Amino acid sequence: MLENDHTLNDLTLKANDGSFKTNDRFLKALAHQKLDRTPIWIMRQAGRYLPEYRELRNKVKDFLTLCKTPELATRVTLQPVQRFPLDAAIVFSDILTIPDALGLGLHFVENEGPQFRRPLRTAKDIEQLPKIDPETELRYVMDTIRMTKHELSTRLPLIGFAGSPWTLATYMVEGKGSKQFNEIKRLLYCEPALLHQLLSHLTQATIDYLNAQIAAGVDALMIFDTWGGLLSQTHYFSYSLNYMQKIIQALLLKQPHKKIPIILFTKNGGLHLDEMAETGCDAIGLDWLADLQHARQRVGHRVALQGNLDPATLYANQPTIRSEVANVLRAYGKGSGHIFNLGHGIPPDVHPDKVGFLIEAIHELSPAYHSL
Ligand code: CP3
């Protein structure tokens with residue numbers, strides 16, 4: 001039986017009246033199980049392109065206040081899944097919560113992105129990083145997960161996440177976003193042992209953080225390696241992938257019974273698909289530079305694939321969006337194991353109706369690729 005997307009979309013229906021349906025397409029696709037159509041969610045689906053997000057955001061001091069107030073973060077998490085028939089929700093938070101909990105003084109400067117008041121500048125800064133307890137310093141994230149799970153019940157799966165140790169380190173060492181990444185590269189070439197020490201510390205913090213997210217109730221996890229693509233092949237393996245693999249292996253050891261699937265996303269990581277597929281992850285997220293057909297041939301049945309429409313497609317008119325969606329679906333081809341997504345976050349100036357149209361196009365075009 002096909003599910004009725006309207007009831008799924010309507011979170012005002014009380015879960016305890018028994019009238020809601022469980023939408024597990026996203027989890028089924030991760031497990032390569034048969035489906036009626038391709039599931040979709042969107043990176044940064046809760047964000048500035050939504051007027052209801054901007055309205056709530058304008059009522060509070062800043063973005064971090066939204067993240068750190070579980071009632072509000074829960075509302076924002078639910079906004080996109082209340083408006084659109086998406087197949088998963090993602091916890092509203094940020095990858096930089098860990099560096100913030102480590103005491104670096106995170107703040108967001110309007111139109112400039114994240115900055116740290118106390119970036120890592122000396123060996124001592126790195127050696128003295130504290131150990132964090134996710135249920136203390138990051139309790140607000142766990143509370144958001146618990147509240148959101150309560151609201152969603154089993155209607156939709158909830159994705160938890162963290163940044164890769166390498167990506168967190170780039171922000172912590174640079175002190176903010178960067179174009180050149182000279183500081184972290186300087187550390188890599190001049191003091192590699194110190195960088196490894198930092199990455200090991202972040203790896204342990206991330207393992208604890210993600211285990212706490214699992215305990216709080218997330219249904220899947222995603223690791224965002226936004227800056228892994230800056231590294232040469234060998235450096236990618238030793239400074240980025242190696243630590244993501246340690247995280248995945250540690251998570252797998254802790255959950256012998258209930259397996260929480262893990263998606264690995266290295267932006268610009270298309271060259272490393274074989275090695276990524278060997279980490280023990282369940283899926284690889286692809287940016288739009290990767291060719292989905294080629295990627296599928298490379299990874300075979302080892303992992304599912306997520307992606308990879310160019311986010312800028314959403315500036316186009318409906319026929320263009322539709323034909324680009326058709327191209328992505330055709331590139332993956334028949335069968336389960338594909339989760340539709342953009343190749344990176346949705347731009348803040350996209351009209352929300354474009355998202356509605358994108359989802360309609362997937363609903364219309366993807367059943368032809370499935371046999372249920
Ligand atoms: O996807 C979702 O809807 C969940 C929420 C989420 C956010 N950030 C919310 C956010 C997730 C998964 C992230 C991950 C994240 N954060 C990454 C990895 C993914 C990626 O985009 O590559 C990175 C590198 C960050 C760090 C970060 N946070 C930057 C560089 C910025 C500024 C750029 C921007 O878009 O403004 C943020 C802010 C941020 N994180 C916003 C949101 C909704 C915008 C905040 C606002 O101004 O309201």
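The structure reproduced in this document is the subject of the present report. (Residues numbered from 1 in each chain as written. Predicted model: local features only at pLDDT ≥ 70, side-chain atom pairs only at ≥ 80, totals over all residues. Heavy atoms only, no water.)

**Examining the packing of helix α3 (residues 51-59) against helix α5 (residues 70-83)**
So, step 1. For the pair α3 and α5, interaxial distance at closest approach is 10 Å and the crossing angle is 165°. Between α3 and α5, the angle falls in the class roughly antiparallel. Taken as a pair, α3 and α5 cross one another with a handedness that is right-handed. Counted together, Pro51, Glu52, Tyr53 and Leu56 of α3 and Leu72, Arg75, Val76, Gln79 and Arg83 of α5 form the full contact between these two elements.
So, step 2. Taken together, the residues of the contact of α3 with α5 break down into five nonpolar, one polar and three charged. (Axes fitted to C-alpha atoms, helices over the stretch in contact; angles between N-to-C directions. Helix = DSSP H or I, 4+ residues; strand = E, 2+ residues; numbered from the N terminus. Parallel < 35°, antiparallel > 145°, perpendicular 65-115°, else oblique. Left-handed = near helix turned anticlockwise from the far one by under 90°. Contact = heavy atoms within 4.5 Å. Nonpolar A, V, L, I, M, F, W, Y, C, P; charged D, E, K, R; others polar.)

**Notes on the nonpolar core**
So, step 1. The biggest cluster of nonpolar side chains holds 133 residues, and the ones touching the most others in it are Met172, Leu198, Ile284 and Leu358.
So, step 2. No other element matches helix α11 (residues 192-216), which puts twelve residues into this core. (Core = buried A, V, L, I, M, F, W, Y, C linked by side-chain atoms within 4.5 Å. Buried < 20%, exposed > 50% of the residue type's maximum accessible area, 1.4 Å probe, protein only.)

**Description of the pairing of strand β9 (residues 338-342)**
So, step 1. Where burial is concerned, most of β9 is hidden: five out of the five residues are buried.
So, step 2. Alternating positions in β9 separate into two faces, His338, Phe340 and Leu342 on one and Ile339 and Asn341 on the other, with burial throughout.
So, step 3. Looking at chain direction, strand β8 (residues 304-309) and β9 are connected through five bridges and run parallel. Across the sheet, residue Leu305 finds its bridge partner in β9, namely His338.
So, step 4. Assessed by its sense of winding, the connection that carries the chain from β8 through helix α15 (residues 318-332) to β9 is right-handed. (Pairing = 2+ DSSP bridges. Right-handed = clockwise from strand over helix to strand, strands pointing away.)

**Some words on the pattern of salt bridges**
So, step 1. One pass over the full model with this rule turns up 21 salt bridges.
So, step 2. A salt bridge links Arg139 to Asp143; its shortest N-O distance comes to 3.6 Å. Highlighted residues: Arg139 and Asp143, both in helix α8 (residues 139-152), separated by four residues, approximately one helical turn.
So, step 3. For Arg139, a relative accessible area of 40% translates into the label partly exposed.
So, step 4. With relative accessibility at 24%, the residue Asp143 sits in the partly exposed group.
So, step 5. With its nearest N and O atoms 2.8 Å apart, the salt bridge here joins Asp274 to Arg302. Here Asp274 is found in helix α13 (residues 273-277), whereas its partner Arg302 is found in the loop between α14 (292-299) and β8, with 28 residues between them in sequence.
So, step 6. By relative accessible area, which is 29% here, Asp274 ends up partly exposed.
So, step 7. Each member of the salt-bridge network shares a partner with another, and the members are Arg25, Asp36, Arg37 and Asp87. (Salt bridge = Lys/Arg side-chain N within 4 Å of Asp/Glu carboxyl O.)

**Overview of the environment of Leu96**
So, step 1. With respect to the helices and strands, Leu96 occurs in the loop between β1 (89-90) and α6 (97-101).
So, step 2. Overall, the relative accessible area of 2% leaves Leu96 in the buried class.
So, step 3. It is 35 Å that separates the C-alpha atoms of Leu96 and Leu35, two residues lying 61 residues apart in sequence.
So, step 4. The residues contacting Leu96, other than those within four sequence positions of it, are Leu106, Pro114, Phe116, Leu168 and Tyr171.

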